[in-house]
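Structure assessment
As a plain string of letters, each chain reads:
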Amino acid sequence: MPPSSPAGTDAANAVATSDFDYELPPERIARYPAARRSDSRLLVLGRRSGEVRHMRFRDLPELMDARDLLVVNDTRVFPARLRGWKPTGAAGEVLLLRPANGEDDRVWEALVRPGRKLRAGRILVVGPELSVRIVDALPDGRRIVRLETPLGVRDALERFGRVPLPPYLERDDEPLDRERYQTVYARREGSVAAPTAGLHFTPELFADLEAQGVRTASLTLHVGTATFRPVEAEDPSLHAMDAEWFDVPESAARAYRDCRQQGGRVWAVGTTVVRTLESVADGRSQLRAGPGTTDLFIHPPYGFRAVDCLITNFHLPRSTLLMLVAALAGLDQVRTAYRQAVAAGYRFYSYGDAMAVIP
């Protein structure tokens, strides 16, 4: 059940999925990253007030003070996309999602394409030292696969795997994506999609925030594809989220507790951080440290316990991510902000510009 705190809760009745449709000209989709990470634009949206300001991401320190805590997701994207050929010569693709067997790092849960051709028993040859054997089909269409290689799994994926760029970029991955579709603080490998709100940060920006007295804490949530799956049901409450693994270290819980005691604000860098913090919040004053999984789906109305401010990118229509932002900022305010962003030429989605939702 959602927390009962009224802070951040929409006064309106529950929303419908169609409320989160909007028109986006194709040219507003950022197909490549900005030349420099922190040169991205930053739309600042007043939580509930709807006030909009336009800044650059490098100006973020102007919005923060010494009592604030910035929480980031240090997950690292791995080269999860494997393209190859069946023995017949037909092309196929496997997207690794997560290890399926804790004792065997070669067995994975995966998505395959074309599904009707890659049934149990089939083999996809990815390279001279890597093949993928389809072991089993799950009821939801996913597959259990085994990586067959004389190399270590990590070495095989680094050599033959590709960066799993979102399909709306409509391009193959390129060498630049190995660095740019990764935050500068990425550490713990396990995601098939980047926590894109963090792509705008640079070491220099972190240094500026530290000099200002802003503390930074890290947690981990390994991002899966379900986070980006559109909501099909008109009633969002009928949409089920897949569980994603997270880990909140004791250092993050301690930093959060200190921030609350000092009267500071908690800034979540990305929706994955929001979902993790809200999943482990023990009241408003502290977090439960340790690993776990969450399938928390935040949509209006929702009462936030752990998060005061949010840094995020611009999201796809009808997405769970957009619904989370609206739960914090207000649906009408987000609609207005998105209309202004489109009119002002902001760049959208994973490689696009950013938004900050603040009190």
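Structure: see above.
In what follows, the accompanying structure is described. From a predicted model like this one, the values you see are computed outputs, not experimental measurements.

1. So, the layout of surface pockets
There is about 780 Å³ of room inside the largest pocket. Taken together, 34 residues line the largest pocket, and the ones lying closest to its centre are Arg81, Leu95, Leu165, Pro166 and Pro167. Listed by contribution, the elements that provide at least two residues to the lining of the largest pocket are strand S5 (81–85), strand S6 (91–99) and strand S7 (107–113). For the lining of the largest pocket, a count of residues per class yields 19 nonpolar, four polar and 11 charged. Estimated volume of the second largest pocket: approximately 480 Å³.

2. Quick look at helix H7 (residues 331–343)
Helical geometry note: an α-helix holds 3.6 residues per turn, so side chains three or four residues apart project in the same direction. In a regular helix each residue adds 1.5 Å, so 13 residues correspond to 18 Å; H7 covers 18 Å between its end C-alpha atoms and thus fits that length. Within H7, the full set of buried residues consists of Leu331, Gln333, Val334, Ala337, Tyr338, Ala341 and Val342. Down the axis of H7, the buried side of the element spans an arc of 165°, and every buried residue falls inside it. H7 presents Asp332, Arg339 and Ala343 as exposed residues on the side facing more than 90 degrees away from its buried surface. Positive backbone phi, at 80°, marks Gly345, one or two positions downstream of H7.

3. Overview of the sheet that holds strand S2 (residues 52–56)
Sheet strands line up and pair through hydrogen bonds in the backbone, either parallel or antiparallel. One open sheet holds the nine strands; their spatial order is S2-S1-S19-S18-S14-S3-S12-S13-S17, and the pairing between them is mixed. The sheet is open, and its two borders are formed by S2 and strand S17 (290–294), each paired with just one other strand. Strand-to-strand, the axes of this sheet are offset by a mean angle of 25°, without reference to chain direction. Here strand S1 (residues 41–46) runs beside S2; their pairing, made up of five bridges, is antiparallel. When the bridges of S2 are listed, Arg41 appears paired with Arg56. Sheet strands in contact with helix H5 (residues 271–280) are strand S3 (69–73), strand S12 (215–221), strand S13 (244–248), strand S14 (266–269), S17 and strand S18 (309–313), and its direction is about 85° off that of S12.

The rules behind each value
Residues numbered from 1 in each chain as written. Predicted model: local features only at pLDDT ≥ 70, side-chain atom pairs only at ≥ 80, totals over all residues. Heavy atoms only, no water. 1 Å grid on protein atoms, 1.4 Å probe; cavity = no way out; pocket = protein on both sides within 12 Å on 5 of 7 lines; lining within 4 Å. Points joined across faces, edges and corners; volume = space filled by probe spheres on them. Helix = DSSP H or I, 4+ residues; strand = E, 2+ residues; numbered from the N terminus. Nonpolar A, V, L, I, M, F, W, Y, C, P; charged D, E, K, R; others polar. Expected span 1.5 Å × (residues − 1). Buried < 20%, exposed > 50% of the residue type's maximum accessible area, 1.4 Å probe, protein only. Arc of directions from axis to C-beta. Pairing = 2+ DSSP bridges. Axes fitted to C-alpha atoms, helices over the stretch in contact; angles between N-to-C directions. Contact = heavy atoms within 4.5 Å.

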